Amino acid sequence: MNGLVLGGTYALLGIGLTLIFGLMNVVNFAHGEFYTLGAYAAFATLGLAGAHFVAAVLAAIACGVALGAVCELTLLRPLRAESIDTTMLVMIGVWITMQNGELLLWGGVAKSIPHPFPTAPLVLGPVSIAPLRVFVLALAAGLIVASYLLIHKTQLGMAMRATFQDRDTAALMGVRIGRIHTATFAFGSGLAAAAGALLGPVFLAYPSMGDLAALKAFSVVILGGLGNLPGATLGGLLLGVAEELGAGYVSSGYRDAVGFVIIILVLLLRPAGLFSKQERIG
Amino acid sequence: MTRAGRFVPVLLALTLPLWLGSPYFLHVVIMAGIFGILALSLNLLLGYTGQLSLGHAAFFGIGAYTSALLTLRLEWSFWLALPCAVAASGLAGWLIGRLALKLRGAYFVLVTISFAGVIALVSVNWMDVTNGPLGLPGVPAPALGPWSLRAKSVYYYLVLVAVLIAYLVCRRLVASRIGRAFVALRENEALAESVGVDVTHYLVLAAVVSAAMAGMAGSLYAHYTRFVSPEVFLFSYTVTMVIMVVAGGKGTLAGPLVGALIFTALPEALRAVTSWQWQMLAYGVLLVLLVFFLPRGIVPALAAWRAWKAP
Amino acid sequence: MARVESALTLSVRDLAVRFGGVTALAGVSFDVHPGTITSVIGPNGAGKTTAFNAITGYLRPTRGRIEYVGVPLTGLRPSAIAARGIVRTFQRTSVFPSLSVADNVMIGLHLRGSAGVLDVLLGRRRRAAEESRLAHDADGIIEFVGLGHRRGEVASELPYGEQRLVELAVALAARPRLLLLDEPGAGMTTAEKAAVGRLIRRIRDQSTTVLLVEHDMRMVMGISDTVIVMNHGRVIAEGAPASIQAHPDVIRAYLGSAGDRD
């Protein structure tokens, strides 16, 4: 059950990254930092007197979206013509900057993010789970659904999908590629921030929480296939469940290794991802 | 550079411990040397074959742990442990090289990060062997017959020789048919294949040499600080390595060394002034600025400036 | 028409390539005889470059056999095929962009050197001799294609036509016995094409067999000994230039597909 909670948030991380990586061909090493930012933003918001938990999550998303847009406009857009290595290095720079910025602003001691839920677990049949986690799962699910709606039902989403499938044709059809890029990056970052705001209270918030989160996001993307939204969702859930099972059966120290091992195995055996049906032509 | 011009720095380097005064500065130079070897190794992959490995800390750590364990637990001599450490990381490099055959670009980077992550987790969790987070204290210093090389002024020479070896290996490789093959792979792999460059062979070769060198640096590090812990796998080491290579000048031979000197001395100089976090923050900003303004690095920029000044 | 040749250079039998649901080559058979210039022509999408890719190991064929001087090539990697003397150029300009012309050609000479890891790390004199020999050879090739005045220039900064000459020089450096040229005249002026045509003839005169894909009919008919016509992944005609020009199937193929030509 906990696996699903984790999985839901991993799915959020994965959806954001698969869009960024898939659509913009940017290796967003800073993705984890937006996650961290989300957690700290939630923390900061809750610190303001009487802020509601949901408001904190929304504030986190807003921060993610805003900073994501800024990053894309100032850093990524000028480098669009450069090779993927160059953008990788820039995003690594952003990663380091953001992480140490957070370290300086909030200190290295882990912060506990307060939440309004009772700590006594709910018992649903054979499963007992903390109400907070139920809320997190519910909100994550909601955000996933919202993402789907955005991608499939709105004009922006359609433009994004078109750009992903065939950039040149999309441009010819009048899609403003630059705007789509900014929107994609902002959207992805916002989702990451949401994930951070949701998982922050479950665990603790500390500046390097983003590192592992980023890696797991990459695992999910690789599992599900680049640009593959349902793949990312399923992948996220799979990873969450796999981690819980792994921690239970193998050893909790190695739980994070699950993500790494997945990356290595999938890339070696099925580079297109587990859920990809498309065959690349040429 | 004129012969006299070359002679002076060589003399200075050879007599460094005599004129450098405080052991603290000597420590900085030794660390710069060790990182110089690391930077050279990363440069071989990144600058020449064009593959970015963010897992070089894994090779560094494997070298450090292998050397430490062999001398601590099995009481081998340093002079035997060092080649073993080099071999062990070389083997790991071989593995990564074979993995790289199928992957390029971002995917390769991810695999290297994952590899480093797994190794790091193993070192933390495999308590029986690695003593987990507590690390391995008391790694013996190397000895040459009856003389111990423990003292900084003596260890300096060991590191100097190692740096020279690393530099020579790189230079010989780069100036040869092998180096050309590396560059060909970076510039246009399909074209390289069409004229007979065996991609497998050369990528694996680059990975093995690169990893082996990093392992050598690891062993030197272990016997210098005489303590090895999972901290060697800290991502900040990898980041520092990358900055050294990128800032110094990837694809050149002097670049990584210059980068290593600057980015070992700089933190020490800044330490008095600011905290470590500000420094890493500055690194992050610096990396971004470098990509925008000095993409080829300091050494090529200097060379270009010199060429521009004297037409 | 059966021809008994003891040393057929290249023999392609029933070569087929499919990706997903697309059949790029539907079973192609032809021979390339030593010491000749053979051109492959056909409308866009006929499968010409696909055939090249399959022959040189960049694509795995779905079916079929490719043999060179009796030795099968199917399944070999491009670098192994190059080692057997078959070198190709690419449809889109393919050079080593940030390297000089001389360095480009030096890479082309890769197979002509033999220095291995140990040689490089230890040996000195033998390596130095080999390096100077290679540099000398490189100069010769650069002069042959007429780029002597561009020796030290960075390849990506050269004008288009000269970049294609660099490409040719790199391929020649690998001392091919069979040279596959993918659209050597593409994007060139008439004068440049004529020069390339002359070069190709000189290459053939030096005992290198040439197989080329080209769209420029005048160039093709002017230099080829044999012309092979492809359409829809099949060979529809093969023979001397004059007979091809009059071949009804060929005329139909070109007129019929006039709508989608470049």
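Predicted, not measured: the structure shown is a model, and the values here were computed from it.

From N to C terminus, chain A includes eleven helices and two strands. Listed N to C, the secondary structure of chain A is α-α-α-α-β-β-α-α-α-α-α-α-α in terms of helices and strands. Counting only residues that meet the buried cut, chain A has 54% of its 282 residues in that class. A sequence separation of at least 24 residues applies to 77% of the contacts in chain A between residues at least 6 apart.

Our next topic: the confidence of the model for chain A. Put simply, chain A has an average pLDDT of 78, and 87% of its residues get 70 or more. Contacts from residues 278–282 of chain A, a stretch scored under 50 in pLDDT, to residues over four places away or in other chains number five contacts.

Turning next to the confidence of the model for chain B. Looking at chain B, pLDDT values average 85 and 98% of them are 70 or higher. Predicted complex metrics record ipTM = 0.87 and pTM = 0.84.

All names here are of chain A. It is the contact of helix H9 (residues 209–224) with helix H11 (residues 257–269), at a shortest axis distance of 9 Å, that shows an interaxial angle of 30°. Overall, the two elements H9 and H11 adopt an arrangement that is roughly parallel. Crossing handedness for the pair H9 and H11: left-handed. Of the residues in H11, those in contact with Leu215, Lys216, Phe218, Ser219, Ile222 and Leu223 of H9 are Gly259, Phe260, Ile262, Ile263, Val266 and Leu267. Tallied by class, residues from the contact of H9 with H11 come to nine nonpolar, two polar and one charged.

All names here are of chain C. Taken together, the five bridges between strand E9 (residues 226–231) and strand E10 (residues 234–239) define a ladder with antiparallel strand orientation. The residue of E10 that forms the bridge with Ile228 is Glu238. Adjacent in sequence and paired antiparallel, E9 and E10 are bridged by two residues, among which His232 carries a positive phi angle near 50°.

Turning our attention to the sheet that holds E9 of chain C. Residues and elements named next belong to chain C. Spatially, E6-E7-E8-E3-E9-E10 is the arrangement adopted by the six strands of the open sheet, whose pairing is mixed. Strands with a single pairing partner mark the edges of an open sheet, and in this sheet they are strand E6 (86–88) and E10. Taking each pair of neighbouring strands and ignoring which way they run, the sheet shows an average axis angle of 15°. Across four bridges, strand E3 (residues 37–41) lies against strand E8 (residues 209–213) in parallel orientation. Each residue of the ladder has a partner; that of Ile37, found in E8, is Val210. Those strands touched by helix H7 (residues 190–205) are E3, strand E7 (178–182) and E8, and its axis lies near 150° from that of E8.

Attention now goes to the sheet that holds strand E1 (residues 10–19) of chain C. Residue and element names in this part refer to chain C. Ordered in space as E2-E1-E4-E5, the four strands form an open sheet in which the pairing is antiparallel. Either end of the sheet is taken by a strand with one partner, and the two such strands are strand E2 (22–32) and strand E5 (71–72). Pairing of E1 with strand E4 (residues 63–68) involves five bridges; the strand directions are antiparallel. Within E4, the position partnered with Leu10 by the bridge is Tyr68.

A few words now on the interface of chain A and chain B. Contacts between the two partners involve 32 residues from chain A and, on the opposite side, 31 residues from chain B. Broken down by secondary-structure element, the contributors of at least two residues to the side of chain A that touches chain B are helix H4 (84–106), H9 and H11 of chain A. Looking at the side of chain A that touches chain B, the element that brings in the most residues is H4 of chain A, giving 15 residues. Within the side of chain A that touches chain B, the residues separate by chemical class into 22 nonpolar, seven polar and three charged.

Let us now look at the nonpolar core. Grouped together as the largest cluster of nonpolar side chains are 276 residues, with contacts concentrated most on Ala42, Ala60, Ala193 and Ala194 of chain A together with Ala169 of chain C. Top contributing element to this core by residue count: helix H11 (residues 199–225) of chain B, with 19 residues. Residue contacts for Ala194 of chain A: discarding those within four places in its chain leaves Leu12, Gly38, Val57, Ala60, Ile61 and Leu143 of chain A.

All names here are of chain B. Along the chain, Ser219 turns up in helix H11. When the 33 C-beta atoms within 10 Å are taken as the criterion, Ser219 is described as buried. Between the alpha carbons of Ser219 and Ile62 there is a distance of 8.7 Å; along the sequence they are 157 residues apart. Sequence-distant contacts of Ser219, that is, excluding residues within four places in its chain, are made with Gly63, Ala64, Ser67, Ala81, Leu82 and Ala85.

Calculation criteria
- Residues numbered from 1 in each chain as written.
- Chains lettered and ligands numbered in written order.
- Predicted model: local features only at pLDDT ≥ 70, side-chain atom pairs only at ≥ 80, totals over all residues.
- Helix = DSSP H or I, 4+ residues; strand = E, 2+ residues; numbered from the N terminus.
- Buried ≥ 20, exposed ≤ 12 C-beta atoms within 10 Å, placed from the backbone.
- Contact = placed C-beta atoms within 7 Å.
- pLDDT = per-residue confidence, 0-100.
- Axes fitted to C-alpha atoms, helices over the stretch in contact; angles between N-to-C directions.
- Parallel < 35°, antiparallel > 145°, perpendicular 65-115°, else oblique.
- Left-handed = near helix turned anticlockwise from the far one by under 90°.
- Nonpolar A, V, L, I, M, F, W, Y, C, P; charged D, E, K, R; others polar.
- Pairing = 2+ DSSP bridges.
- Core = buried A, V, L, I, M, F, W, Y, C linked by C-beta atoms within 7 Å.

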